[in-house]
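Spelled out, the chains give:
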Amino acid sequence: MAEINVTVAMRERTMEPAQLLMTPAMRKELQSLTPIERSGGSDLPKVTKRFGQEEWAAVCERIQDAAEYIQEIEASRHQQEMQAQKIFANMQDEIASANARALAAERMLQDVQQRATNVVKTLEDKLQAAEDRARESEDWLTRISEAVRSNLNFP
């Protein structure tokens, strides 16, 4: 069994997105395994740990667990993206349908307006004809009245 000597130290830093997906225990393990850069006069404590086969197997298992978790998240994201695309397509279909209904309603309105205009025009023409007949009738009644008065000597 081969052993490897690794020098690691703890340091403060912001978490990367992959670290946010890890459990606190996994983050602690990762921090203890993260190599650091020495700048000469660092006051960080030096930790020397010997890794055996069990430790490396545990690290590999944690990496595999993290990879599986990331794959699950990616699959979930892909599924959500597909659902969003389906919803977007449905919304586009509904918008197109609504636009078609609005266009049909506008055409119906124009048709109704045209028919109403024609009916009004017809009624106006009939009214004008009735007014013309009424004036003509009044003229005839006036003529008849004058003829009766003049021929029958009514005062």
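**Things to note about the overall build of the chain**
A tally of helices and strands in the chain yields three helices and two strands. Reading the helices (α) and strands (β) of the chain from amino to carboxyl end gives β-α-α-β-α. Accessible surface, the chain: about 13,500 Å² in total, of which carbon and sulfur atoms supply 57%.

**Looking at a nonpolar patch on the surface**
Taken together, W140, L141, I144, V148 and L152 make up a surface patch of nonpolar side chains, about 510 Å² in accessible area. Look at L152 and you get exposed, because its relative accessible area is 54%.

**With respect to the packing of aromatic side chains**
If you walk through the whole model with that rule in mind, you get zero aromatic pairs. Taking NZ or CZ as reference, R143 lies 4.7 Å from the ring centre of W140, over its face.

**Observations concerning helix 3 (residues 53-152)**
An ideal rise of 1.5 Å per residue puts 148 Å on 100 residues; helix 3 measures up with 145 Å between its terminal C-alpha atoms. Following helix 3 by one or two positions, N153 has its phi on the positive side, about 55°.

**Digging into the pattern of salt bridges**
Pairs may arise between side chains of opposite charge once their charged atoms sit close together. Applying the stated criterion across every chain yields a total of five salt bridges. Here R77 ties to E81 by a salt bridge, and the two come within 2.6 Å at their closest N and O atoms. With R77 and E81 both in helix 3 and four residues apart, the pair spans about one turn of that helix. Since its relative accessible area comes to 38%, R77 is described here as partly exposed. The partner of R115 in a salt bridge is D111, with the nearest N and O atoms 2.9 Å apart. In this pair, R115 and D111 are both assigned in helix 3, four residues apart and thus about one turn of the helix distant. The exposure class of D111 is partly exposed, given its relative accessible area of 39%.

**Some thoughts on a negative patch on the surface**
On the surface, a cluster of negative charge is contributed by E61, D65, E68 and E72. On the secondary structure map, E61 appears in helix 3.

**Looking at the confidence of the model for the chain**
Summary statistics for the chain give a mean pLDDT of 81 and a share of 68% for residues scoring 70 or more. Long-range and interchain partners of residues 6-12, a stretch whose pLDDT sits below 50, account for 25 contacts in this model, where long-range means more than four residues apart.

Calculation rules
- Residues numbered from 1 in each chain as written.
- Predicted model: local features only at pLDDT ≥ 70, side-chain atom pairs only at ≥ 80, totals over all residues.
- Heavy atoms only, no water.
- Helix = DSSP H or I, 4+ residues; strand = E, 2+ residues; numbered from the N terminus.
- Areas by Shrake-Rupley, 256 points an atom, 1.4 Å probe, with all protein chains shown as cover.
- Patch = residues over 30% accessible without salt bridge, like charges linked within 9 Å, V, L, I, M, F, W, Y side chains within 5 Å.
- Salt bridge = Lys/Arg side-chain N within 4 Å of Asp/Glu carboxyl O.
- Buried < 20%, exposed > 50% of the residue type's maximum accessible area, 1.4 Å probe, protein only.
- Phe/Tyr/Trp six-rings, centres within 6.5 Å; stacked < 30°, edge-to-face > 60°.
- Lys NZ or Arg CZ within 6 Å of the ring centre and 35° of its normal.
- Expected span 1.5 Å × (residues − 1).
- Lys, Arg positive; Asp, Glu negative; His and termini not counted.
- Charge placed at Lys NZ, Arg CZ, Asp CG, Glu CD.
- pLDDT = per-residue confidence, 0-100.
- Contact = heavy atoms within 4.5 Å.

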